[in-house]
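The primary structure of each chain is shown beneath.
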Amino acid sequence: MTIKKVMVIGAGQMGSGIAQVNAQAGFDVLLYDANQEAIEKGLQHIEKLLIRAVDKERITEDEKTATLKRLQPAKSLKDAESCDLVIEAIVENMDVKTKVFRELDEITPEHTILATNTSSLPITEIAAATKRPEKVIGMHFMNPVPVMKLVEVIRGIQTSDETYETIAKMSEALGKTSVEVADFPGFAANRILMPMINEAIYAVYEGVATPEDIDTVMKLGMNHPMGPLTLADFIGLDTCLYIMEVLYEGFGDSKYRPCPLLRKYVKAGWLGKKSGRGFYVYD
């Protein structure tokens, strides 16, 4: 199957990044969000990043212009009827996602692949909401999408080999390295990363060391480019808590129990960089 036209649903940081890399790779892209203002902001953000890339001589002015021409706002979800692939990048909520996938199943042609950028929710369950579960797959991009090279390609129990191979090949066209992952809670990336972050939070909670010192240990002792608590603030502590809850519920293993300090920070509205305060304070 050949993919020519892509719709990205969700114009936030992840969605706009996914739209950008698809357009830069030569695909025609529709960007949709239930909030029209979010679409405008998303497109403006993409243009800003492309201008910066030109200034840094990473791309040419002609490449920037061509990329922006391939990017168009979608007026409604029904515009997906002209697309070969739809990538959903909306809120991490199963009810919301399955509702969107049911609608897409009715709107899009039979050949269209439906992908989700979920970081933890089961692909198999999302696929079951459609009449084409063999064409539903996970494409978990890393943040920030234009910079990070990895895509987890997650197969639900129903996902066909053809669908997987098409998406793996497309990921290469986007300049990404794809890894094949089975449909387990947290997949591979978050199943490994989030318990490490959660354990770092426990170390703060139990008074083992300060956030600064814990991050220093992991940077200088383990050669990590960023400490786990700085990374947690960057990801969003609410997102970290949500993924830990998915892992805890999915495996029923106490090693995935979210740290009480993480819950407390989220209840206080200390969500990390996006709220101005998490384990660190941001201007």
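Analysis parameters
Residues numbered from 1 in each chain as written. Predicted model: local features only at pLDDT ≥ 70, side-chain atom pairs only at ≥ 80, totals over all residues. Heavy atoms only, no water. Helix = DSSP H or I, 4+ residues; strand = E, 2+ residues; numbered from the N terminus. Rg over C-alpha atoms; globule rule 2.2 N^0.38 Å. Contact = heavy atoms within 4.5 Å. Areas by Shrake-Rupley, 256 points an atom, 1.4 Å probe, with all protein chains shown as cover. Lys, Arg positive; Asp, Glu negative; His and termini not counted. Charge placed at Lys NZ, Arg CZ, Asp CG, Glu CD. Pairing = 2+ DSSP bridges. Axes fitted to C-alpha atoms, helices over the stretch in contact; angles between N-to-C directions. Core = buried A, V, L, I, M, F, W, Y, C linked by side-chain atoms within 4.5 Å. Buried < 20%, exposed > 50% of the residue type's maximum accessible area, 1.4 Å probe, protein only. UniProt positions renumbered as here; feature names shortened; annotations may be inferred. Phe/Tyr/Trp six-rings, centres within 6.5 Å; stacked < 30°, edge-to-face > 60°. Lys NZ or Arg CZ within 6 Å of the ring centre and 35° of its normal. Expected span 1.5 Å × (residues − 1). Arc of directions from axis to C-beta. Polar contact = N/O pair within 3.5 Å; in protein donor to acceptor, adjacent residues only side chain to side chain.

### A look at the overall build of the protein
Here is step 1: A tally of helices and strands in the protein yields 11 helices and 8 strands.
Here is step 2: Its C-alpha atoms give the protein a radius of gyration of 19 Å, near enough to 19 Å, the size a compact globule of 283 residues would have.
Here is step 3: By sequence separation, contacts in the protein at least 24 residues apart represent 67% of the contacts at least 6 residues apart.
Here is step 4: When the accessible area of the protein is evaluated, it comes to approximately 14,000 Å², of which 52% is carbon and sulfur surface.
Here is step 5: When the 32 basic and 40 acidic side-chain charges of the protein are each reduced to a single mean position, those positions are 3 Å apart.

### Points about the sheet that holds strand 1 (residues 5-9)
Here is step 1: As summarised here, the arrangement of the 8 strands in space is 3-2-1-4-5-6-7-8, forming an open sheet in which the pairing is mixed. Of all the strands in the sheet, just strand 3 (71-73) and strand 8 (177-182) have a single pairing partner and so form its edges. Averaged over all pairs of adjacent strands, the angle between their axes in this sheet comes to 25°, without regard to strand direction.
Here is step 2: When strand 1 meets strand 2 (residues 28-32), the two strands line up parallel, connected through 5 bridges.

### Considering the nonpolar core
Here is step 1: Grouped together as the largest cluster of nonpolar side chains are 36 residues, with contacts concentrated most on Val6, Leu85 and Ile167.
Here is step 2: Examining the composition of this core, we find that 7 residues originate from one element, helix 2 (residues 36-55), more than from any other.
Here is step 3: Contacts of Leu85, omitting those with residues within four sequence positions, involve Ile3, Lys5, Val6, Met7, Thr112, Ile113, Ala115, Ile167 and Met170.

### Thoughts on the UniProt feature "domain: 3-hydroxyacyl-CoA dehydrogenase NAD binding" (unreviewed entry) in the protein
Here is step 1: Following the UniProt record, the feature "domain: 3-hydroxyacyl-CoA dehydrogenase NAD binding" (unreviewed entry) maps to residues 5-183 here.
Here is step 2: Between the end C-alpha atoms of residues 5-183 the distance is 27 Å, and the span holds 41% helix and 22% strand.

### Examining the packing of aromatic side chains
Here is step 1: Here the structure, examined in full by the defined rule, presents 4 aromatic pairs.
Here is step 2: Look at Tyr202 and Tyr205: their rings are 6.2 Å apart centre to centre, the planes differ by 70°, and that puts the pair in the edge-to-face class. With Tyr202 and Tyr205 both in helix 7 (residues 189-205) and 3 residues apart, this pair spans about one turn of that helix.
Here is step 3: With relative accessibility at 11%, the residue Tyr202 sits in the buried group.
Here is step 4: The partly exposed category is assigned to Tyr205, whose relative accessible area is 44%.
Here is step 5: Three or more aromatic residues joined by ring pairs make a cluster, and in this case those are Tyr265, Trp270 and Phe279.
Here is step 6: Here the basic side chain of Arg277 rests over the ring of Trp270, its NZ or CZ set 3.8 Å away from the ring centre.

### Observations concerning helix 2
Here is step 1: In this model helix 2 runs 29 Å from its N-terminal to its C-terminal C-alpha over 20 residues, within 8% of the 28 Å that 1.5 Å per residue would give.
Here is step 2: Those residues of helix 2 that fall on the buried side of the exposure criterion are Ala38, Ile39, Gly42, Leu43, Ile46, Leu50, Ala53 and Val54. Projected onto a plane normal to the axis of helix 2, the buried residues spread over an arc of 155° and lie on a single side. Away from the buried face of helix 2 by more than 90 degrees, exposed residues Glu40, Lys41, Gln44, Lys48 and Asp55 are located.
Here is step 3: Taken together, the buried residues of helix 2 touch helix 1 (13-24), strand 2, helix 3 (61-70) and strand 3.
Here is step 4: Capping the start of helix 2 is the job of one residue whose side-chain oxygen sits 2.9 Å from the backbone nitrogen of Glu37: Asn35.
Here is step 5: Once helix 2 ends, the next one or two residues include Glu57, with phi positive near 60°.

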